Every structure is written in C-alpha cells, then in structure tokens.
Amino acid sequence: MRPPALAALVIASALGVLAMPAAAAGFDCKPCAGVVLDGPAGVAEALSLQSGLKAGSPLFTAWEVPLAPEPPPAETGDAAARIAQAGGTPWLALVFRTPPPLAANAARLQGELEIAAAVGRAAPAGTVFQVVWRPEGNEASEQSLAEYGFLMKRAAVALTGARGNGKVATEALPATAAAVAGLFAQEVGAYVDVLALALPDPPTPEGIAAALAAAAKAGPGEPVALEGVPLPAEPAQVLAEAARWAVAGVDLTLFRPPEPSAAAPPTAAALAPFALLAREFAGDVSYDADSTPTGGAAAWTFVRGKDQALRVIAVAPPGAENGVLALHFADGSLRRPVRFPLGRGRVEPPSGQATASGLDLSIAAPGRVAVLGLERPTAAERGQGVAEKLTVSSTREIPVEEILRRLQAFEDAQDRRLDHYRAVNTTHLRFQVSGVSQAFDVGLEGPFFYLRGEGTDWAWRTFYINGVRWKGKSIPEIPLVQPEKAAALPLQIHFSKEYRYRLRGSETIDGRDAWVVDFAPAAADLASRERLYQGTVWIDRKVYARLRSRAVQLGLSGEILSNEETWTYSPVDEAGKPAPWPASAESAAYVLPLHLVGQQILSVVGSTTVVERETVLTQVEVNGAGFAEARRAVDASDVTMVRDTAKGLRYLVKDKAGERVVKEDFATSKLFAVAGLFYERSLDYPLPLAGANYLTLDFKGSGQQLNVFFAGALATATVAQPRLLGSKLDASGNLFALAIPLTDAVFRRDKEIKQQDVKVLPASVGFHIGRPLGSFWKVDLSYGLLYNRFNRTQDTAGDFVLPSDNFLHSFELGTQFARAGYRLNVNGSYNLRSRWEAWGEPNNPDFNPDDKSFYRWDASLAKSWYLPRFQRIGAELDYVSGSRLDRFSKYQFGFFGNTRVHGYENGKVRATTAYSGHLTYGFEVGELLRIDAVADAAIGTDRLTRLDSQLLAGTGIVGTFIGPWSTLVNLDLGVPVAGPDHGFVMYLAFLKLFK
C-alpha cells in the first residue's frame, strides 16, 4: 500500500474511534440481519447447530409477546435466555393493547407496563424490546403519534429500569419522512434506541431514502431496523439482501418468512446465512466502497476496524453459479483470501494472483452468493515507516434528554420494587412575621406511611410550640395553608411539553459526582407557565439517582406568594440504616427523600409571613411485614392524621363507623383569649391586658382574611384580600383605636422631664397593596392616616405649648426579600402633617415649621440558623434614619417597634439615626420550657440631645411554657446594660385557643 493510502486508512480509523461513543447504542455488526417468527419454539435448538457462534451474537430472532398473563414473563425470559446462550439476540415485540386516550386508561396501561418490566427483568442482557401499540378495538384506524410517543417514553423508562443493558425499539413505522419526523416531534429521541421501519412499497432502497434522511435529522445516532423484508427462498440470498439494505443506510434487516413457514420452527439451514453474518461481520465493521472489487459481479465490501481486514459479499452473474467468478481488487497488498461456507460444509478456497494493478481472485463454483475474507499486512510487514500508533481522546457529552431517561428509569425500577415504607416524620414550621423579631416554631412528630398507589399518610402524635410539648388532650387543628398542586411535575413524562431542561454542568454533592440539570416551564407566555415549577436537580453520574432537587413553584395566587422546596436523597437498606450507594436500581438499597428544607412566603391579614419548613424522616422500614398492622393501629387511635392528596394535605378524620376519611375542608377561623401584664420602671403599676382575638382566613367563604383584636380600651382590626380582583396583588385595610391616652415622656440624663409630658390619644386607618416580584421579592405600597390628639398631664408645665392636633398622612414604599433563611427589608416613607405649629417650651430648639413633613427610611438583614432539639441562633442588623425628624417622629428604643433594645423604656432615648444588631440563642429545657437569650446593641445619634454615636445595649430572656388550662404563656424580660437607661421591662401574656 502506498503511504498516502495508508495514512488515509489510519485517519479513517481514527475518525471511526471518535464516532464510536456517539453510536454506542447501535448494533455491533454490519450488515446485521434477523428473522421474525411467530414464536421462539425451536430457535435455540437451530442455533446450537451453527458452528462458531458465540453467545449473544448479533443474530436477531424476533417474535411478539402479548402483555397478558399468558405467556408468563418468566417463560418468555427463559426462552430469550436460551436463545442468547445458543448464539442469538432476542427481539421481543411487546404488544400493548390499552385503548386511547391513554391518560383516561392509566390503570390498564400501568398494568401492561408492570408486565413489560417483568419481561425486561427476566430477559437476558442485550435483548431488544420493541414497543408495539395495537389498541384494543382500534387495530384498523390510524394511531395518534402523540399518544404513541407518550407510550414509547413510558415503556422505554420501564424497560430500561428493568433491564439497563437492553435496547428499546419503536414499532415498525411507515417508511416515510412524515411518519419519522412526526414521531420524533414528540421528543422521543432520548427514549428510542432503535428506529424500526416497515418495508416500503415499492421495496427499494430509494423508497426509504426520505425516511432515513428524516431519521438522521431527528434522531442522529439511532440505528434503523427495516422490518418485513421477505425471506428469500434461497438462503444465500439473505446475505445479498442484508448487504444491499445496509449500504442503503439500514442497520438491521429483519426478514419475515412467508406464511405458514413463520409458524414452523426454523431449520439450521434457514439460519445458516444469519449465523455467517453474525460470525464474520460482527464488531467494528463499516462499509468500504473504495475497496469493492470489479469483475461483473454485484459486490459489497466491509472493513473491520481492529485490523482493516475485508469481508466481501459477491453475487455471481446469472448462469455463473457453477462456473468461475473473477474479481479484481485495486489494492495489491491484500492477501490470504478465504471463502466462508454457508453452513457446516467446506468450499473450495479462492485462488489469487497479485498484478501490477492490484489483486485478481478466482472463485470456483461460487454459487448464487459468495462470502470472502481478505487480510492486510501489518505495519512491520509493510516496513514503510508509517506510524500506526494513534491516541484518540474524546468524551461524548451526554445529552440532557439521555440523563433524564436514565433518571426516570432508575426511579421507575425502584418504584416497582418499593411497595411501602414507614418512618417517623419530624417537621418544623418556623414562622417569621415581617416587622417582628421573634420567630415562632411549631414542631410536629409522628408515624409516616407510604403505600404505592395510595400516597402518604402522617400522624401528628406529638406537638411542640417553640420546643415546649403540648399537654392538651388533642392537637389543635392548624389551618393547612398550602399552594395549589402543580399542573405537572418536572422530570416526569407528560403528553405535552411542559418543561425545558438544560444541562448546566457537574458538581460534587456529598462526595458523589452529579449532573446538574436546570428545568423551567417550556412555554414563554405567563398564562401557560401557571402552576409549574422552576429549579434544579442533581443526578448521580453513576447510577442516575437523584441526589438533590430544588424547585420553586410558579403561578401562585392567593395568600401564598412563594413556595420553594429542596429535597435531599439518601440510600438506605430495608431496615432504614444508611447503605452504600447502589450500583443500579435493582440493588438492595433504596434511594429515598429523607430531608426537606422549604420556604413559603404568605400574605396573612396584610403582613408578609415567612414560613421555613424542615422535614426529616428517621427510623425508616422498607417493605416491612408489620406495615399494615402499624397503620391499622394508628388509624384506630385518636391522633390527628393528614393525607397528601391531589389538592394538598387534608385531615383524615373518623366517620361514624370509625373509619378514617379525608376531610375536604378545614377550620379557617380561630378564636383566642389574651390576657397579660406590661411593666416598665416609668409606670406606677403594671398595665393589665385582657381581650379576645378572632382570626379567619376565609371570611364567610369570600376568600377575604379578617383579624380583630379587642381588649377594652384597645381595638385593632384588619381585613385583607390576598388576591385582589383575581390578580397577584394583595390588599388590606386596618384600623387602630385606643380609648386611653398614652404619655409621651422626655428623658435627659436619665431623668424624666415631667414638665414636658404630653398625653397622646392616637387612632389610625391604613391601606396597603403589595405584589410579589418573582418568587422571593415583594414590593409593598402603603398609605396610613394617623390622628393624634394631644393633651396635658397633671405635670405638664403651664408654659408648655401642646403640639397641634393633626392628621398624619404617611406614604410608604417597601421591598422585602426572603430565601434560605435570609430576610432583607428596605422601606422608605414620606409623612405629612395636616397642621404643625410651634410647640414646647419657649424657644424650643426641637421645633421647626419645616418638620410638618418628614422622611423616614430603614433597612434590615436577618438570618436564622436552626440546630437540633429546637435550638435557634438568630442574627439581625438594622439601619434607621430620616430627615426633619423631631420628638414625635424620631426613633425610640422601647418595647414596641423594630428598633427595640431589651430593657429600654419607651421614650427614654430618641435618635434620628441608629445602627443596631440583635443576637438570639434559643433552647428548650426538658420539653417544658423554652428560653431565648437575647442581646441587643444600637449605636444612636441625635444632634439635639447630644447623642453622638452612643452605645445602647440591653439583654433579656424570652420564655415560653404551657400554663394551666392549655394556655400558652409567654414571658419577655429585659434589662439595659449600656447607655443612659437603667431598670427593666417585663411583658407577660397568656394565650388560650378556642377551637
């Protein structure tokens, strides 16, 4: 061989190596051939009579398998295993009979998928599973490609999960571009390993050219099988037909014997040409037109990648079957020609002679078809100095669709062997109301049950409030505020394209290499994105199980502004103990979602409430024998139970017969009794507090929220509409009235200046409108009208001029962000008094007529960390400031307001600017008492009172415990530790819930 030709050969070989990963799902032969029979009877026996046929050779034997109880999957698997051991590759055409629409017949389809998966588990490695849809009562009508595409994906997932090293083929589609493009338009490309086409009419290579072109465009890399080619009467013609279709672009030719021959067991002679192809044309073989011989015979040449040896199929001209077939090869380096017999007999070898133009071969008595083999000399034998060593490094980037198919297959296989499991569910709901620094932690714990086909049930056996165990006979019925279920879940198979997926890259999660796949709604318009998810899933690169998933629900409405959940998956054995990561879905370990961290942002009676949720499953038992008994025992008890239904969590209550049934609605209204005391050193005696609070999240079925608190001299009311006129806007109105005036005092050098005391009787109304921006931001616009009436106290100096009674108009714009435990609030307001005249002592430096209007702004950043046993560490940073602030508009550091410093009295210190920080550490003591240790510090500045970046600090404790008559008792005690204030502030409250 001349060096240029040798170099071209080496380059072609290298390109073949580079192409191998992309074509890894193809057949290990060329040409490939198989036979379609009515059943597997006699196939293994006929194969065993072939010589030199290895187990699992690419000799395809196909037959239909009805997905019905007969024949059983084990019988089909046994027949397929015997064929594979004898030297064939089983091709099982699984016939689905579920009628359309498939969505309306999901139960029957699921039953057929169960049988298909069982067949897949019983079949040997390398089996081809063909998905054939023959709808019951609909055989003659045209099938919907959308329906078949859905079936194809569902079946491929079930079969791949059951037999990961098998291949999934389509049914024999019409050999037209429209049919092929129409099927791949259903996004089945990642689920199809083999595209099957029916023999066209007329049965010529040109007849399927358009279909092959459409297949190459829509599903590059997928091999094409041509089904229904008539089996020639002369066995040797199989070789020529297979070669002809292979050159035309068909990867596998499936021959069909004429009836009734197809029903009879095949003979060894009938399978002989298929065995010859499986022996000599197996491996990395490709068509080589440049090496095709001349000489008047139709011939096809194929080159073997490992050694560049040739395999030639030549058809003798008519009448030359018993004569001499002369062939001329242009490559004179070819040597050692051999002729392969058809069957076990011997044939006369060809004779060859090297000439100046190449190699001439003579084949005596070639028969109708002759099969030849030729070798090329090694590099050492050639001695031409052309290096054969070639290092090729190429890693194919796996398509995201293939990752999803493998994930779905893993989960499908695991779901089929996961009948049920039980565990202990521990859930924490941590509430953080905007503008309130203290968090509220509700803990729920009890048995958790999962049953395949029925979902999950959960019993609330233990109830905690801030870590304190509830002592009441029954657990209060908590309003189950939840988002509406999503219309379609990501990473699942749907009829229509609901989501788009993007492979972002790879990461390491808990020591496991993972693919990182982002998902989002496929539709661009907002209306079509309603009730879907956006997020990320981390998929193990070895076994394709989920490691972690994070999803944000879109299209929310009503009181739920945002919903985000992050699940972490872990492998456990049947006893629930940590297990090594499985090698496949069939291993002994189960990969289950055992840890959830979520966040919801709610609009509750005009306030934004952040709810952080954490759920942990422990003491897991998979497929345990005591599941049914444990479930019945919990059902019979009086514990509170909930079920995860299609509409979300619902209570399971006992009916008159004592059976648990789903309660479709739940109590949306609660009535509380409130009593308590408030004391600070400036007061002569503790101020009593007693009243009632009524809260409803659905006032008279209108969807409006209402909260009313009445305590004699104090009344507050808020009405809110979380979905104003069906939009994403939430709106609210509030009312505040106080019948007893408050005393506004002034302190200088830790001494109250009683001559400047002023009684203030406030009353206000306010209006608010807000809208979420995305899933974690919210913007609020508020208007408040506050009426202040000023009066003297018995200590007010006679020359002290009272401020003008006025209406204060406040316009506030604020934004809030909450995610992963972080909360950011930024607010700014413009305030205008209706009247503002000179007040105070003569020449009062704190009065300025420009103070009729003033500005205030603030920002805060907070984060909470939750530790075991209800421990919590909280940190918050705040900044407040303003412009044209006076005594009645400056910031104070007393008990009320978000600038509080524990221990500081109301009105003791005022500032125009302050930076503050707050630290909290909370823990429970014996499930009886909750203690939060609090430390506050602020740097305050006020030019008028000569407060120049002065440190104001205080510390305190906040305690919670269950009092008599199932009352919730809250104690808040604070003392100052730095700054001008001395003393303490105490607040004690009793809360009683009435159902």
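I will try to describe carefully the structure that is included in this document. In this text the structure is predicted, and so the values were computed from the model without any measurement.

For the rest of this paragraph, the subject is the environment of Ile-601. On the secondary structure map, Ile-601 appears in strand E27 (residues 590–604). Overall, Ile-601 belongs to the buried group, its relative accessible area being 6%. Residues Ile-601 and Pro-772 lie 171 residues apart in sequence; the distance between their C-alpha atoms is 9.7 Å.

This part covers helix H7 (residues 209–218). Residues Ala-211, Leu-212, Ala-214 and Ala-215 constitute the buried set of H7. Seen along its axis, H7 keeps its buried residues to an arc of 160°; they face one direction. Of the residues in H7, the exposed ones pointing more than 90 degrees away from the buried face are Ala-216 and Lys-217. Against helix H6 (177–184), strand E6 (195–198) and strand E7 (224–230) lie the buried residues of H7.

Okay, empty space enclosed by the protein next. Taken as a whole, this structure holds two cavities of 30 Å³ or more when the rule is applied. In this model, the second largest cavity occupies a volume close to 50 Å³. Lining the second largest cavity, in full, are Phe-449, Tyr-450, Leu-451, Glu-454, Gly-455, Thr-456, Asp-457, Phe-627, Arg-631 and Arg-643. Counting only elements with at least two residues in the lining of the second largest cavity, the list comes to strand E18 (440–451), strand E19 (455–460) and helix H12 (627–636). Among the residues forming the lining of the second largest cavity, the class breakdown is four nonpolar, two polar and four charged.

On to the state of the cysteines, then. Per the stated rule, a full pass over the model turns up one disulfide. Covalently, Cys-29 is tied to Cys-32 through a disulfide, its sulfur atoms 1.8 Å apart. Disulfide Cys-29-Cys-32: torsion about the S-S bond near 120°, hence right-handed.

For the rest of this paragraph, the subject is the packing of aromatic side chains. Evaluated as defined, the whole model comprises 29 aromatic pairs. Measuring from ring centre to ring centre gives 6.2 Å for Tyr-499 and Phe-519, while their planes differ by 85°; the resulting arrangement is edge-to-face. Placement of Tyr-499 in strand E22 (residues 499–509) and of Phe-519 in strand E23 (residues 512–521) is noted, with a sequence separation of 20 residues between them. Under the relative-accessibility criterion, Tyr-499 is labelled buried at 4%. Following the ring pairs from residue to residue traces out a cluster consisting of Phe-790, Trp-836, Trp-839 and Phe-888. Directly above the ring of Phe-449 sits Arg-631, whose terminal nitrogen or CZ lies 5.8 Å from the centroid. Sitting over the face of the ring of Tyr-822, Lys-863 holds its NZ or CZ atom 4.6 Å from the ring centroid.

Cut-off values and rules
- Residues numbered from 1 in each chain as written.
- Predicted model: local features only at pLDDT ≥ 70, side-chain atom pairs only at ≥ 80, totals over all residues.
- Heavy atoms only, no water.
- Helix = DSSP H or I, 4+ residues; strand = E, 2+ residues; numbered from the N terminus.
- Buried < 20%, exposed > 50% of the residue type's maximum accessible area, 1.4 Å probe, protein only.
- Arc of directions from axis to C-beta.
- Contact = heavy atoms within 4.5 Å.
- 1 Å grid on protein atoms, 1.4 Å probe; cavity = no way out; pocket = protein on both sides within 12 Å on 5 of 7 lines; lining within 4 Å.
- Points joined across faces, edges and corners; volume = space filled by probe spheres on them.
- Nonpolar A, V, L, I, M, F, W, Y, C, P; charged D, E, K, R; others polar.
- Disulfide = S-S within 2.5 Å.
- Phe/Tyr/Trp six-rings, centres within 6.5 Å; stacked < 30°, edge-to-face > 60°.
- Lys NZ or Arg CZ within 6 Å of the ring centre and 35° of its normal.

Purely spatial values, then, with no claim about function.
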